[in-house]
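A closer look at the structure
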Amino acid sequence: MATQLFVPAFRVEECLEEIRECLVKGWTGLGFKTVQFEKAWGDYTELPFSHFLSSNTVGLHLAMHLFRTKDGWVDGDEVITSPLTFISTNHAIKYCALNPVFADVDDSLCLDPADIERKITPRTKAVIFVGMGGNVGQYRRVVELCRARGLRLILDAAHMAGTRVNGVHVGGDADCTVFSFQAVKNLPTADSGMICFRDVEDDARVRRLTWLGINKDTYARTSSQGAYKWMYDVEELGFKYHGNSIMAAIGLVQLKYLDLDNAYRRQLATWYSAGLTGHNNVNVVSHSEECESSRHLFQVRLRNRDEVMLALNEHEIYPGVHYRDNTCYEMYAGGPPCPNARKISEEILSLPMHMAVTAAEVRKISELVARYAK
Ligand SMILES: *Cc1c(COP(=O)(O)O)cnc(C)c1O
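Values in this document were obtained by computation on a predicted structure and should not be read as measured data.

Turning our attention to helix α9 (residues 245-256). Compared with an ideal rise of 1.5 Å per residue, which puts 12 residues at 16 Å, α9 spans 17 Å between its outermost C-alpha atoms and is within 8% of the ideal. In terms of residue burial, α9 counts as a mostly covered element, since 10 of its 12 residues are buried. Among the residues of α9, those classed as buried are S245, M247, A248, A249, I250, G251, L252, V253, Q254 and L255. Residues of α9 that are buried in the fold lie against α1 (12-25), α2 (33-45), β2 (51-53) and α10 (258-276). Where α9 begins, the side chain of N244 points an oxygen toward the backbone nitrogen of I246, at a separation of 3.0 Å.

With that settled, the discussion passes to the UniProt feature "modified residue: N6-(pyridoxal phosphate)lysine" (unreviewed entry) in the chain. UniProt annotation of "modified residue: N6-(pyridoxal phosphate)lysine" (unreviewed entry) refers to K185 when read in the numbering used here. Relative to the helices and strands, K185 is located in the loop between β9 (176-180) and β10 (193-197). Using a relative accessible area of 16% as the deciding quantity, one classes K185 as buried. Filtering out sequence-adjacent residues up to four positions away, K185 remains in contact with A158, H159, S180 and H296.

Here we have seven strands laid out as an open sheet, ordered β2-β10-β9-β6-β5-β3-β4, and mixed in their pairing. The open sheet has two edge strands, β2 and β4 (99-102), and neither has a second partner. Taken pair by pair, the neighbouring strands of this sheet meet at an average axis angle of 25°, ignoring direction. The sheet contact formed by strand β3 (residues 78-81) and β4 spans four bridges and is parallel. The partner of T81 across the bridge, within β4, is F102.

Another aspect to go through is the sheet that holds strand β14 (residues 291-292). Pairing within the open sheet is antiparallel, and its three strands lie in the order β8-β7-β14. Every other strand in the sheet has two partners, leaving β8 (168-169) and β14 as the edge strands with one partner each. Across two bridges, strand β7 (residues 164-165) lies against β8 in antiparallel orientation. Residue pairing across strands places R164 opposite H169, the latter belonging to β8.

Before going further, it helps to examine the state of the cysteines. Counted by the stated rule, this structure contains zero disulfides. C96 takes part in no disulfide bond, and the closest cysteine sulfur, belonging to C176, lies 12 Å away. Of all cysteine sulfurs in the structure, the one in C110 sits closest to C291, which takes part in no disulfide; the separation is 8.9 Å. Judged by its relative accessible area of 11%, C291 is buried.

In this section: unusual backbone geometry. Most peptide bonds are trans, and most residues other than glycine sit at a negative phi. Across the junction of H322 and Y323, the peptide omega takes the value 10°, indicating a cis bond. The residue Y323 is located in the loop between β16 (317-318) and α12 (339-347) in this model. For A97, which is not glycine, the phi dihedral falls at a positive 60°. Mapped onto the secondary structure, A97 falls in the loop between α4 (88-95) and β4. For A97, a relative accessible area of 36% gives the class partly exposed. Phi at N166 is positive, roughly 50°, even though this residue is not glycine. Within the secondary structure layout, N166 lies in the loop between β7 and β8. With a relative accessible area of 70%, N166 lands in the exposed category.

Mapped onto the secondary structure, P319 falls in the loop between β16 and α12. Expressed as a C-alpha distance, the spacing of P319 and Q299, which sit 20 residues apart in the sequence, is 9.7 Å. Beyond its immediate chain neighbours, meaning those up to four positions away, P319 contacts L5, M309, L312, N313, L349, S350 and L351.

This part is about α4. Every buried residue belonging to α4 is among S88, T89, N90, A92 and I93, and all of these are buried. Buried residues along α4 sit in contact with α3 (56-71), β3, β4, β5 (124-130) and β6 (152-157). A97 sits one or two positions beyond α4 and adopts a positive phi of about 60°.

Of the volumes computed, that of the second largest pocket is approximately 270 Å³. Around the second largest pocket sit 21 residues that line it, and F86, S88, A158, S180 and K185 are the ones nearest its centre. Within the residue set of the lining of the second largest pocket, elements represented by two or more residues are α3 and α4. Here the residues of the lining of the second largest pocket sort into six nonpolar, 12 polar and three charged. Residues from two domains meet in the lining of the second largest pocket; each of domain 1 (3-256) and domain 2 (258-372) gives at least three.

What follows covers the packing of aromatic side chains. Scanning the model with the defined rule gives 14 aromatic pairs in all. Look at W41 and F181: their rings are 5.2 Å apart centre to centre, the planes differ by 70°, and that puts the pair in the edge-to-face class. Pair noted here: W41 is in helix α2 and F181 is in the loop between β9 and β10, with a separation of 140 residues, a long-range link. There is no split in this pair, since W41 and F181 are both buried. Each ring, one from F239 and one from Y241, has its centre 4.9 Å from the other, and the planes form 10°; the classification is stacked. Considered together, F239 and Y241 belong to a single accessibility category, that of buried residues. Three or more aromatic residues joined by ring pairs make a cluster, and in this case those are F37, W41, Y44, F52, F179 and F181. Positioned over the ring face of Y257 is R11, at 4.2 Å from the centre of the ring.

Cut-offs applied
Residues numbered from 1 in each chain as written. Predicted model: local features only at pLDDT ≥ 70, side-chain atom pairs only at ≥ 80, totals over all residues. Heavy atoms only, no water. Helix = DSSP H or I, 4+ residues; strand = E, 2+ residues; numbered from the N terminus. Expected span 1.5 Å × (residues − 1). Buried < 20%, exposed > 50% of the residue type's maximum accessible area, 1.4 Å probe, protein only. Contact = heavy atoms within 4.5 Å. Polar contact = N/O pair within 3.5 Å; in protein donor to acceptor, adjacent residues only side chain to side chain. UniProt positions renumbered as here; feature names shortened; annotations may be inferred. Pairing = 2+ DSSP bridges. Axes fitted to C-alpha atoms, helices over the stretch in contact; angles between N-to-C directions. Disulfide = S-S within 2.5 Å. 1 Å grid on protein atoms, 1.4 Å probe; cavity = no way out; pocket = protein on both sides within 12 Å on 5 of 7 lines; lining within 4 Å. Points joined across faces, edges and corners; volume = space filled by probe spheres on them. Nonpolar A, V, L, I, M, F, W, Y, C, P; charged D, E, K, R; others polar. Domains from an automatic or database assignment. Phe/Tyr/Trp six-rings, centres within 6.5 Å; stacked < 30°, edge-to-face > 60°. Lys NZ or Arg CZ within 6 Å of the ring centre and 35° of its normal.

Okay, structure coming up:
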């Protein structure tokens, strides 16, 4: 049997039961389950405000749009970001006519605070930190740096559903944290995400922005009976970015199993590490001691990565690469180089990581990686 990199595990009957409720009630859109899921996510993470979206990508766009308009940033202002990420992170900066400035990563594959500091200019307004594979890296120092320099901090927590530091869920100390519940993330729905702000006003404004700028409060004030539903006001140009009840129904079920699933992911990581640590040609990317990582990814660095990848494919094992250095893409080329990110991008390999991977498969995959690594 082939071993894929990611296979989402759904509790099918439970998911269908939640979805059935939506269909029977005739309520599949915004409201109903989205409200329940936001509440459940807030209870789980203890983040003060949670707003359910159609994806993480739209959440990052909203964060950029919100802070740009709120703080008065202008075209070409700079946001420091990672070249080692999914392009959503960096597209979000471009959507708002801002300029992504790439800082280098450290051995955690997350942004290196020392290089962030070097990349700060008078036009720098914000930093987007990506918690690679659920790891926090030097996030704490980045929080301190942003506070000291008056920069907005956005946490791209697409991999971090369930990551805790000292027992506290990550995200509370950023200005905005955005999660992904896309199909192959560690809390899979099909496509959705959650945006979490620290500030009540930011949350309220983004709730209007995700539904085309419609201000529901105006009709709520006009009539408690629900007449005059069309009497809302529209104060600014918003987007159609909110989540729906079908996705929320799946999310509600998946959330119940998130800690259990993440614990199994950490178990897989422990098995992989045991099989691979100490091999001269295999460099295991370890996660920070201080965090209980969601372990979305298990990554190794190999000098002959492409060769090992092909050898694994021959054995019907399909690992992945997270990520190609974004400055290799035409539209992000041309800035000052980030040598670590470039080198790492040529060496990293993500090994299969999902609920159906067994101890025996981990043993076999580790043996093959160790055998072909040069
Ligand atoms: C998956 C991912 C995204 C985008 O998430 P969507 O919910 O698919 O929009 C953004 N950043 C990172 C690091 C990701 O892995």
